[in-house]
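Geometric and topological summary
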Amino acid sequence: MLIRRWRSESGGIHYVYTRRVALKMETIHNPFCFEVNLHGANYSGIQCTFYCEKDCYMLAVWGVPIYELFELLNSDPEILKNSITSSSASEMFSSICKSSSDLLLVKGGEKKTVVFRPQRGCTDEAEIKPKEAIVRSIYPFVAIMILKDHDSTENTLIAMATAVHLPDEKLKLSARIIGQHVKSSFGPVSSVKKTYVSSETSRVDGENIHLCLACCTKAVSTVIIPCGHACVCTTCLEQCKNCPVCRGTAYTYFELQSIPVH
């Protein structure tokens, strides 16, 4: 209940009681998981491990124009799928990139580890490296996953694109994931902003796990939509009406997946 007080022209004070309508946060299911072995990743090859609960397509591309990638992700889901899977060079998204790997079909529940290398006769690294020093117009490497059948999915992520930076002469930062963009079944594209996770970490199984900004005991496990901040665990998010980082309204969220151990 919210109480508002205001003063009338006659000088009297009036109280108005208004009821604030609670927003029900919806969950968007995330069927994807994608990890990169950043140790030794370079322009000769990148080892990636990926998994999807349902059948999906995977396309790895090199030298990817950022504007064209976002234009593709914001297109109709059927256009996005056709651009990834088309065998026609004029229609396939990889045709605008300097080099690409073959399209893969990943069976639901199947964990795969693949070393992606530049193909199509591309031997000159300069062809796939960004030409700018800082503000860049291309991603060195992008892996795109999209569900094979998304017609019957509701409140589900249907595509995920992971962009990787590789060190070069102009920007010697170590290899790292610099962008992860997801598209839901109802259209919007969101960017996962893991750069805002808590500085508190815990070491589990040899890995540094970022801890929830709120409780500092559980691992960060959710991405808030539409802002895209990954900063709290699922338990704490249930108590939040706004993102703890930017204070934006938390309408929906999806959980971060981990590669299953078989």
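Here we summarise the structure given alongside this text. (Residues numbered from 1 in each chain as written. Predicted model: local features only at pLDDT ≥ 70, side-chain atom pairs only at ≥ 80, totals over all residues. Heavy atoms only, no water.)

Time to look at empty space enclosed by the protein. In the structure shown here, the tally under the stated rule is one cavity of 30 Å³ or more. Taken as a whole, the largest cavity spans an internal volume of roughly 50 Å³. Around the largest cavity, the lining residues are I28, L157, V182, K183, S184, F186, P188, S190, I225 and F254. Broken down by element, the residue count for the lining of the largest cavity peaks at three residues, all from strand β12 (residues 176-184). Considered class by class, the residues forming the lining of the largest cavity number seven nonpolar, two polar and one charged. (1 Å grid on protein atoms, 1.4 Å probe; cavity = no way out; pocket = protein on both sides within 12 Å on 5 of 7 lines; lining within 4 Å. Points joined across faces, edges and corners; volume = space filled by probe spheres on them. Helix = DSSP H or I, 4+ residues; strand = E, 2+ residues; numbered from the N terminus. Nonpolar A, V, L, I, M, F, W, Y, C, P; charged D, E, K, R; others polar.)

To continue, consider the sheet that holds strand β3 (residues 26-27). To summarise the sheet geometry, strands pair through backbone hydrogen bonds and adopt either a parallel or an antiparallel arrangement. With mixed pairing, three strands are arranged side by side in an open sheet as β3-β17-β16. Edge strands, defined here as strands with exactly one partner in the open sheet, are β3 and β16 (222-225). With four bridges joining them, β16 and strand β17 (residues 252-255) adopt antiparallel strand pairing. Residue pairing in the sheet places I225 in a bridge with T252 of β17. (Pairing = 2+ DSSP bridges.)

Taken as a whole and assessed by the stated rule, the structure comprises four aromatic pairs. Aromatic pair W62 and F141: ring centres 5.0 Å apart, planes at 70°, arrangement edge-to-face. Note that W62 is positioned in strand β6 (residues 56-65) and F141 in strand β10 (residues 138-147), a separation of 79 residues in sequence. Like F141, W62 is buried. Look at F141 and you get buried, because its relative accessible area is 0%. A network of ring pairs unites the aromatic residues F34, F50, W62, F116 and F141 as a single cluster. Just above the ring of Y43 sits the side chain of K129; from NZ or CZ to the centre is 5.3 Å. (Phe/Tyr/Trp six-rings, centres within 6.5 Å; stacked < 30°, edge-to-face > 60°. Buried < 20%, exposed > 50% of the residue type's maximum accessible area, 1.4 Å probe, protein only. Lys NZ or Arg CZ within 6 Å of the ring centre and 35° of its normal.)

Take the nonpolar core next. Core analysis: the biggest nonpolar cluster contains 55 residues, and F34, I46, F50, F93, F141, V142 and M145 have the highest contact counts within it. Every residue in contact with I46, bar those within four places of it in the chain, is listed here: V36, A41, W62, V114, V115, F116, F141, V164 and L166. Ranked by size, the runner-up nonpolar core spans 12 residues in total, among them I224, C236, A250 and Y253. (Core = buried A, V, L, I, M, F, W, Y, C linked by side-chain atoms within 4.5 Å. Contact = heavy atoms within 4.5 Å.)

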